Structure formats: structure tokens, C-alpha cells
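So the chains spell out like this:
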Amino acid sequence: MSNAIESVLHENRSFPPPEEFSANALISSEEQYLQMWTRAKDEPAAFWGDLAQSELDWFHPFDEAMQGEMPETKWFTGGKINASYQCLDRHLKTWRKNKAAIIWEGEDGAQRTFTYQELHREVCKFANVLKKLGVEAGDRITLYMPMVPELAIAMLACARIGATHSIIFGGFSADAISDRNNDAQSKLVITADGGWRRGKEVPLKANVDASMEKSPSVEKVVVVRRTGADVSMAPDRDYWWHELMEGVDADCPAAQLDSEHPLFILYTSGSTGKPKGVLHTTAGYMLGVTMTTRWVFDLKDEDTYWCTADIGWITGHSYIVYGPLSNGATTLMYEGAPNWPDEGRFWNIVEKYAVNIFYTAPTAIRAFIKWGDEWPAKYDLSSLRLLGTVGEPINPEAWMWYHRTIGGERCPIVDTWWQTETGGIMISPLPGVTATKPGSCTRPLPGVVPAIVTEEGEELEANQGGLLVMTQPWPHMLRTLYGDHDRFLETYFSKIPGCYFAGDGARRDKDGYYWVMGRVDDVLNVSGHRLSTMEVESALVSHDAIAEAAVVGFPHELKGEGICCFVIPKGDIPPDEMKEEVKQHVRQQIGAIATPDQIRFTNALPKTRSGKIMRRLLRDIAAGKESAGDTTTLEDYTVLAKLREQDEG
Ligand code: PRX
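Reading the values: rules and limits
- Residues numbered from 1 in each chain as written.
- Predicted model: local features only at pLDDT ≥ 70, side-chain atom pairs only at ≥ 80, totals over all residues.
- Heavy atoms only, no water.
- Near = heavy atom within 4 Å.
- Polar contact = N/O pair within 3.5 Å; in protein donor to acceptor, adjacent residues only side chain to side chain.
- Areas by Shrake-Rupley, 256 points an atom, 1.4 Å probe, with all protein chains shown as cover.
- Helix = DSSP H or I, 4+ residues; strand = E, 2+ residues; numbered from the N terminus.
- Nonpolar A, V, L, I, M, F, W, Y, C, P; charged D, E, K, R; others polar.
- Phe/Tyr/Trp six-rings, centres within 6.5 Å; stacked < 30°, edge-to-face > 60°.
- Buried < 20%, exposed > 50% of the residue type's maximum accessible area, 1.4 Å probe, protein only.
- Expected span 1.5 Å × (residues − 1).
- Pairing = 2+ DSSP bridges.
- Axes fitted to C-alpha atoms, helices over the stretch in contact; angles between N-to-C directions.
- Contact = heavy atoms within 4.5 Å.
- Domains from an automatic or database assignment.
- Buried area = accessible area lost by both parts, 1.4 Å probe.
- Core = buried A, V, L, I, M, F, W, Y, C linked by side-chain atoms within 4.5 Å.

Student: Before we go on, may I ask you to explain the site of the ligand in this structure?
Tutor: In the neighbourhood of the ligand, 17 residues make up the surrounding shell, with Asp-415, Thr-416, Thr-420, Arg-519 and Arg-530 lying closest. Between Asp-504 and the ligand, the recorded distance is 2.8 Å, taken from a side-chain N or O atom to an oxygen atom. Starting from 540 Å² of accessible surface for the ligand in isolation, the protein chains cover 96%. Looking at the shell around the ligand, the elements that each hand over two or more residues are helix H11 (314-326), strand S20 (413-416) and strand S25 (514-519). Residue composition of the shell around the ligand, by class: 6 nonpolar, 6 polar and 5 charged.

Right, dumping it as C-alpha cells:
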């Protein structure tokens, strides 16, 4: 990459917050924002220390708010705290005890609501179940579950006794489960018989069964009954959730844990094959998600808040469970697909529960656009007052559609930039303050001090594209990659010394607004989900008939980025039917989200003289573009011509 990245997006529209919204907003003026931002930048320990004291409940106060330099900064040392207590117990002392904490809707139309008191009771009971099964503070527990209330209950029960949860998205395969079980040395797996997705059953328990052979650390499996599917239960290993919960004591005091006690591990893809176990700890993470939920979503007690993410991803951890519950909010949880039984399902849910705040992903918005305006038009969306997006850059036209068709031109849109590693939202409008520009995540939140730099670490001027870095630590940042601190240092802190390197390219305009352009490494963003090209390549070459493979992304109408695989077979170019088999193979290895969009068989790949695959050229071919730029290091010129002749499929 040259020093600056060229940016092609120029957007001049600007949408100031509606006056009425600002008048009632928690943060309502530019002065207030600037004052908070400047104090957090100049005196981070005092800024965050004050908030930690006023917004978190402590069993024992902390000695020091912030200790040590990034990346080894420790937060709120000496303090004793518990995330489950923060999300539940402290609300029981207030009028919120009988407020709805979680409103759940199943894909099949089932409904369940848990008040704070009821949720507390279930969490305490399940925490006692975990203890009975021999789980202790510090143990790692895998959760591979559908979007059912038991998932949130299990998370909070782990947090209650100090067990570290590792949630695996239900779309991952058996191999992905065993890889993560082994990396985390998980002792217990919590799953369900199955989950519902577009009316079909996802065989969660069967996937867990298939992973068990290769998961020697796992001693027990707890199974929630959801679909009623016929599943096999191994004696002395598998237990039904509902049987374990019978007659268990509903009293389980929250463990008094150190501020830096590991709360959870969440695996995410990096630029090499092995998933990274991003580790978040307790106090800093809880403060970060508590404050960002309140600031960004302008959360009020009377709001019904809905984040459509799956809890298997960081968005669900931070903005379905920990952030909203810590604030005493009513958080809505929906189990299934947006187009089941029809394309109006999300809008039906908005109308049914009179949702006020709606947080979704650009990939979903593109699907809504494609399905047509008639679906949202059928429902009353007038309860909505704020909209959000996350996961990938939103194209300005999709932003405009969201603004008009869903927001009725009255709801501010918060385009929130952040990552699994950052724990919480970093760059985002404050809805009562920031004039939004379609496609920009606008400005950093208090406590976030980004910069745009060259590969050499020099800061770039306005409108020059470069690498997005963070120059100061924040309480909710990852602490390490589980079991591999060297990789943590190498991945995030070696490229630009003294800074956290996010892996994204971005520019900042003359108003100080950030425009994220996407990943600069070999990471794909497929429907807002991170996948490494290397992981897909490893899955491909694990097929008997495949010798070598190169995977690149290409622009995809719905997914944002599609997966294109250039595959060298061991023998002759196979017939086209084989493409489907290869796609299924990858799907089986990683999961449905990694299913390739295109397979292109080839006898050779474009390589430099030193043998490096020239991905840039492959990206052009995948996108159907003529290759511009330098091909002088290409070893064999005929390779490109041959690749172009290949059909996609
Ligand atoms: O490339 C950025 C993109 O998603 C990446 C983080 O992915 P993940 O850890 O899976 O977390 C997604 C949900 C927080 C980032 O490096 N990304 C996320 N949000 C945005 C975004 N790109 C542009 N605009 C956003 N709002």
C-alpha cells in the first residue's frame, strides 16, 4: 500500500438532529460533547474514575482508576465487582424490579417476558446448577445456543460465579466448536436440542455431539429443550437444562471478583487461519458498555430497545445483554430470521412491541431495500425514535432509504464503528448532538482518541486515507488474545508503535468526521461478519481433490462482500458439478456464513517471483474488473488471461 489510501466516496448531505430530539437528549449540546471528550482525552483516569464510581456498583472500591501504559493498562485495580450483579441485583432495589428486562419473541411466534426480578431468579438458579456441575470461578464455558432467553441467563450465570463464557455463533460447524473448545480448554458446553431459522431446525446438539470427539477438555453438556427434536443424550455427560433447574435454590450471591477478572472470550477472525480469542475483563468492559449504550442510544427508562444482532457476536454481547441490562433497560430479543414467515417480520415486531430504538446492520438494510417498501409500509413504525447501524460501512443510498422509509425522516441514525476487540462503540454520532452525514460514523466518543496514519505512523491531513489507530487506551478494550499474549501484541500494537491498530482504512474529513473504508488486511466482511481469507483457504485445501486455493472478497449487492475462491485441483480441471461440492465442503468445515459465492477452478494462480499470491489481481478478476496497476512482478502473464476465461459459479 502506498502512504495514503485513495477514497472515492464524496458525500455532502448533512442531517442535524431534530430540535425536539436534542431538547430531550441525555447529551444535548456540542459544548457538552466537547467538554466530555476533552476531559476524557486530557484526564482519562479522572474521567473514567468518576464514571466508574457513579455508574457501577462496587463490593469494594478500586484503588486506582487506570494503571500502566497501553497495551498493558489495567483499570480500576483493587476493586471488587460482578457483572451479573451490575445487570440485575442493583435494579431490584429500585422500581425497576418488576420492569421487563428481556422481551423475547421466538421465530414461531412464541413470546416470553422476564422482569428484572424473574431474570435474577433464573440466573441465580442456573448459577447454582453450574456450581453443582463443578464449575468454578476462572473455568471456561462454551455456549453454543439459539437466540433464546436461556442464552442470556447462561451468560449472566457464568458472570455471577466468575466463570468465563465463550459464545460460539450457532451458524458455526462442529470443527469450529472443537477448535474453540480446545483453545479455551472449556470444561462445559451449554447448547440446545436445536434452534429455529426460517422455519427449519438448526441441529445444534448434533453439531456439539460431532465436536465432542475432538474436545477432550469438555466434561459435561447442558441441553436446553427448544425445538423438541429427538437428540441423543450421552449418559453422565449430557443433562437437560429443565431437569437440572428443578428444585434448585434461587439464592446465589454474586461472587466478588477483581475488576480485571476475565468476563468472556469471544473468537473472531484475524488475518491468519487460527481464530483469535479476544478476552474482555469485568469492570472496564461493564463501564464501557454501560456508558456507550446510554450515550449513543440516548437510552431512557421508558424505551423499548431492540438490537437485531445475534448474541453469538460482540454486538449481541454488548448491546443486547450487558449494556442494556446494566442500564435497567427493556431489551428485545428475537430468535429468528427477518424474512420468516415473510419479509415484514421485523416491522411486525416493531409495531407489536412499539419499539423505540432499533439497531441493525447494513447487510440487513440492503435486504430490506431489495424486498421492497411494501413490507415496512404495512406496519405502524411511528414508535421508532432512533435508528442505528453496525458492522460495515453503510453505503449512502442505503442510509437514505433507512432514514426515509424506516425512520420517517424523523429519527436520527447512529452509524456506530467498533470491533470485537474494542468491546463497545468507539466512533458514532451522539443522536442529540451530531449532524450526521450518510456513510460516516462521524466523531469519536468521549475517551476515544483516534488518528489516521501512514504505514510509517505519520499522521495524515484531513481527507487523506490511511490506517485507523487509537492513540489512548480505553476501559473496555481487549486485554489479550486468550493464551497468546505475543499474538495480541503483534496483531494490534506492533504495526504502529504506541498505538492500537484497528485493521481498518479510514479518512477524516475537514469537520473531523471519520469515514471508514474497510479492512486493510486479509479479513473479509461478509454480511457484517468477519472471516479470514486464510480460514476459508485452509478449509478448501482440506478437501482431498484440492491442491491450492486463494480466497478474495468481491463487492456483493446484499452481503457487502462475497467470497470468491480460486482453486487449483490436484488433477485436471473438474466438471462444474464439483463446484457445489466444494462450496458444501467449506460450509461444513466453517459454517454457513463462510459458504463461497464463487468457485473458480484454475491450473495456476498469479504469483510474484518470490511466490506470493497477487491478491490484488484476483480481487479485480473476482469483481469483473480489468486489472489496473502494476503487474510487472507477475511470474507468468498467461495465468491472468486463463483465469479470466474461467466461469464464475
Ligand atoms: O471493518 C470494521 C467493520 O467491522 C469490523 C469489526 O468487526 P467485528 O469485530 O466482527 O465487529 C462488528 C460489530 C462491532 C471493523 O474493523 N465495521 C464495524 N462497524 C462499522 C464497520 N465499518 C464501517 N462502519 C461501521 N459502522
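That shown, we press on.
Student: Is there a simple way to explain the packing of aromatic side chains in this structure?
Tutor: For any pair of aromatic rings, the description rests on two quantities: the centre-to-centre distance and the angle between the ring planes. For the coordinates displayed, the defined rule picks out 38 aromatic pairs. Here the aromatic rings of Tyr-285 and Tyr-322 are separated by 5.7 Å at their centres, their planes lie at 85°, and the arrangement is edge-to-face. Of the two residues, Tyr-285 is situated in helix H10 (residues 283-297) and Tyr-322 in helix H11; the sequence distance between them amounts to 37 residues. Tyr-322 shares its class with Tyr-285; the two are buried.

Student: Even after reading the chapter, I still don't get H10, so can you show me in this structure?
Tutor: Structurally, the α-helix is built with 3.6 residues per turn, so residues lying three or four positions apart point the same way. Across its 15 residues, H10 extends 21 Å between first and last C-alpha, which sits within 8% of the 21 Å expected from 1.5 Å per residue. Most of H10 sits inside the fold, with 14 of its 15 residues counted as buried. Count one or two residues on from H10 and you reach Asp-298, which has phi positive near 50°.

Student: I'm lost on the sheet that holds S20 in this one. Help?
Tutor: Think of a sheet as strands paired side by side through backbone hydrogen bonds, with each pair either parallel or antiparallel. Taking strand neighbours across the sheet as the criterion, the 7 strands line up as S5-S4-S17-S16-S18-S19-S20 in an open arrangement whose pairing is mixed. Where the open sheet ends on each side, the last strands, each with one partner, are strand S5 (111-115) and S20. Averaged over neighbouring strand pairs, the angle between their axes works out to 20° when direction is ignored. Sheet analysis places strand S4 (residues 100-105) next to strand S17 (residues 330-334), joined by 4 bridges and oriented parallel. Opposite Ile-103, over in S17, you have Leu-332 as the bridge partner. The sheet contacts of helix H15 (residues 396-406) involve strand S18 (357-360), strand S19 (386-390) and S20, and relative to S19 the element is tilted by about 155°.

Student: Which parts of the structure should I look at to understand the domain arrangement of the protein chain?
Tutor: In terms of domain boundaries, the protein chain breaks down into domain 1 (115-255) and domain 2 (543-645). Computed over C-alpha atoms, the centres of domain 1 and domain 2 are 38 Å apart. Counting residues at the interface gives 6 residues for domain 1, matched by 7 residues for domain 2. A buried area of about 400 Å², summed over both sides, lies between domain 1 and domain 2, and 51% of it is on carbon and sulfur atoms.

Student: Honestly, unusual backbone geometry in this entry has me stumped. Any pointers?
Tutor: Among all residues save glycine, negative phi is the norm, and among peptide bonds the norm is trans. Omega for the peptide link from Met-70 to Pro-71 comes to 5°, which places this bond in the cis form. As for its placement among the helices and strands, Pro-71 is situated in the loop between strand S1 (64-67) and strand S2 (74-77). Residues Trp-340 and Pro-341 are joined by a peptide bond in cis, for which omega reads 0°. As for its placement among the helices and strands, Pro-341 is situated in the loop between S17 and helix H12 (345-353). We note that Asp-236 has phi near 60°; this positive angle belongs to a residue other than glycine. Considering the arrangement of structural elements, one finds Asp-236 in the loop between strand S11 (220-224) and strand S12 (238-240). Assessed through its relative accessible area of 71%, Asp-236 is described here as exposed. Backbone geometry places Ala-354, a non-glycine residue, at a positive phi of 50°. Note on Ala-354: relative accessible area 37%, which makes it partly exposed.

Student: Quick question: what am I supposed to make of the nonpolar core here?
Tutor: Grouped burial of nonpolar side chains is what soluble globular proteins tend to show. Phe-126, Ile-190 and Tyr-322 are the most contacted members of the largest nonpolar core, which has 158 residues in total. Sort the elements by how many residues they give to this core and helix H6 (residues 149-161) lands first, with 10 residues. Two domains each put at least three residues into this core: domain 1 (115-255) and domain 2 (543-645). Not counting residues up to four positions away in its chain, the partners in contact with Ile-190 are Phe-126, Leu-130, Ile-141, Thr-142, Leu-143, Tyr-144, Met-145, Ala-154, Val-222 and Trp-241.

Student: Mind showing me how you'd approach the environment of Asp-572 here?
Tutor: The topology assignment puts Asp-572 in the loop between strand S29 (560-569) and helix H18 (577-589). On the basis of relative accessible area, Asp-572 is assigned to the exposed category, the value being 70%.

Student: Explanation requested: the sheet that holds strand S22 (residues 466-470) in the structure shown.
Tutor: Taken in spatial order, the 4 strands of this open sheet run S21-S22-S24-S25, and their pairing is antiparallel. A single partner strand is all that each edge strand has here, and the edge strands are strand S21 (450-453) and S25. Across the sheet, the axes of successive neighbouring strands diverge by a mean angle of 45°, strand direction being ignored. In this structure, S22 lies alongside strand S24 (residues 500-508), joined through 4 bridges in antiparallel fashion.

Student: What is the right way to look at the environment of Asp-544 in this model?
Tutor: Tracing the sequence through the fold places Asp-544 in the loop between helix H17 (533-541) and strand S28 (546-556). Sequence separation of Asp-544 and Lys-570 is 26 residues, and the distance between their C-alpha atoms is 8.2 Å.

Student: Explain the side chain of Thr-420 to me, please; I cannot follow it from the model alone.
Tutor: One can find Thr-420 in the loop between S20 and S21. On the basis of relative accessibility, which here comes to 9%, the residue Thr-420 falls in the buried class. Contacts of Thr-420, omitting those with residues within four sequence positions, involve Leu-266, Thr-268, Val-278, His-280, Ile-314 and Arg-530.

Student: Before we go on, may I ask you to explain the pairing of S1 in this structure?
Tutor: Taken residue by residue, a regular strand's side chains alternate between the two faces of the sheet. Looking at chain direction, S1 and S2 are connected through 3 bridges and run antiparallel. The residue of S2 that forms the bridge with Gln-67 is Lys-74. What sits between the antiparallel neighbours S1 and S2 is a turn of 6 residues, in which Gly-68 has the positive phi angle 90°.

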